[in-house]
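Letter by letter, the chains look like this.
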Amino acid sequence: VSADADPIPRTVSWDAERPAVRLIDQRRLPGSLEFLDCRTVDEVCVAILGLAVRGAPALGATGAYGIALAAAVGEDVERAAAALVATRPTAVNLAWGVQRAVAAWSARGTGAARALAGGAAGALAEAERVADEDVACNRALGAAGAALLGDGARVLTHCNAGSLACVGYGTAVGVIRAAAEAGKGPRVWVDETRPVLQGARLTAWELDRLGIPATLVADVAAAGLMAAGEVDCVIVGADRVAANGDVANKVGTYGLAVLARHHGIPFYVAAPTSTIDLATPDGAAIVVEQRPAEEVTTIAGVRVAPDGVVARNPAFDVTPTSLVTALITEHGLATPPLRSFLSAT
Ligand code: MRU
């Protein structure tokens, strides 16, 4: 199946006509599938901050296309890079994607010579490579992960680590998808994922489009499902994997890992190697983004807490490597220390 035949369009792409970075506007899902065209780097930054686009690999591609946009429309590329990277601190793919496109742009010389040598074209070609590689990596890690699942596996997933969190196919959902394509008939428990409901809004929508049986549950239902023997494994994505294997992912992930260990259930993390950050030694060094309190005091824009209540909203938490059964990458299962794993790939 080619990426173009995918029932879910690419999350991030390039519109050469305008020019623009074209995003699926994830704030509109599941109600409607709409696209958002960003024609300036500021518009890209606003889209990232407002979660119109989110998910680590999708942010990587958006960052790369953001640099291509800056170069194409004559914005200051260095300033654009700083602005894009500053939007969200936790997903390492964002800075990684920006840096790849900036390096391709810089490689074409300096100043006016760079324009003549096709600096903008170089940045765009690199952004397209980042996007294409993402889909290929996810298919590869999906196949590697699917081999771990038995027939009819009941998989619990958290947040959205699907096509919408990437350019296409998905990481954690990619594993489930590859198992379905292999005829293994997986079934999915979808955590709703408070506060902003990526599971309910996005993962449930994707699985419905893919025809994979899924049941939505409140996050707090996971413990009881595990105790009742109704979960065979947990598979989540990652925003940053430290060199020692500690994993930052959507808030609530750590709790699931603790629960999985208590119940003797495998806890898998699926992520491309672009999410591994060797510059971060361990989870303690990962910056966890703090998001607006309103995401907690409201649900879908409706206030559910008293005025003036104090709320804290960490967007991610860190799961220690000791609780991770396997890290599934496009190069197979990775075992810490990850520096050795990466140098062997
Ligand atoms: O705040 P979000 O929606 O960007 O958080 C996304 C996640 O935590 C995903 O699980 C992670 O980025 C992996 S996506 C393949």
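Residues numbered from 1 in each chain as written. Predicted model: local features only at pLDDT ≥ 70, side-chain atom pairs only at ≥ 80, totals over all residues. Heavy atoms only, no water.

Thoughts on the side chain of Asn-93
Put simply, the rule is: Secondary structure elements follow DSSP: runs of H or I no shorter than four residues count as helices, runs of E no shorter than two count as strands, and numbering proceeds from the N terminus. A 1.4 Å probe rolled over the protein chains alone gives each residue an accessible area, and that area as a share of the maximum for its type sets the label: buried under 20%, exposed over 50%, partly exposed in between. For the purposes of these results, a polar contact is taken to be a pair of N or O atoms within 3.5 Å, where, inside protein, one atom must be able to donate a hydrogen and its partner to accept one; residues adjacent in sequence count only when each atom of the pair is a side-chain atom. Whether two residues touch is decided by their heavy atoms; if any such pair falls within 4.5 Å, the residues are in contact.
Structurally, Asn-93 is set in helix α4 (residues 92–106). Take Asn-93: its relative accessible area is 0%, and that puts it in the buried class. For Asn-93, the side chain forms a polar contact with the side chain of Ser-274, separated by 3.1 Å. With sequence-adjacent residues up to four places away left out, Asn-93 is seen in contact with Ala-56, Pro-57, Gly-60, Asp-239, Pro-272, Ser-274 and Thr-275.

Let's talk about the pattern of salt bridges
Quick reminder of the rule: Salt bridge, as applied in this entry: a Lys or Arg side-chain nitrogen positioned within 4 Å of an Asp or Glu carboxyl oxygen.
What the rule picks out here adds up to 19 salt bridges. Put simply, Asp-132 and Arg-10 hold a salt bridge, and the shortest N to O gap is 3.0 Å. In this pair, Asp-132 is assigned in helix α6 (residues 119–146) and Arg-10 in the segment before β1 (12–15), connecting sequence segments 122 residues apart. Two residues, Asp-37 and Arg-18, come together in a salt bridge whose shortest N-O distance is 2.7 Å.

As for the nonpolar core
What counts is decided by this rule: We define a nonpolar core as any set of buried Ala, Val, Leu, Ile, Met, Phe, Trp, Tyr and Cys residues linked to one another through side-chain atoms lying within 4.5 Å.
If you look at the biggest cluster of nonpolar residues, it comprises 39 residues, and the most contacted ones within it are Val-12, Val-21, Ile-67 and Leu-84. Here the element with the most residues in this core is helix α2 (residues 56–73); it accounts for 11 residues. Those residues within four positions of Val-21 in sequence are excluded, and the remaining contacts are Val-12, Ser-13, Trp-14, Leu-36, Asp-37, Cys-38, Val-44, Tyr-65, Gly-66 and Leu-69. Trp-189, Phe-267, Leu-327 and Phe-341 belong to the second largest nonpolar core, which has 26 residues in total.

Quick notes on helix α3 (residues 77–87)
Using the following cut-off: Note: the arc covers the axis-to-C-beta directions of the helix.
Three or more residues of α3 are buried, namely Val-77, Ala-80, Ala-81, Leu-84 and Thr-87. The buried residues of α3 occupy an angular sector of 125° when the element is viewed end-on, so they sit on one face. The exposed set on the far side of α3, more than 90 degrees from its buried face, consists of Glu-78, Ala-82 and Ala-86. Considering only its buried residues, α3 is in contact with α1 (41–49), α2 and α4. Measuring from the backbone nitrogen of Glu-78 back to the side-chain oxygen at the start of α3 gives 3.0 Å, which picks out Asp-76 as the cap.

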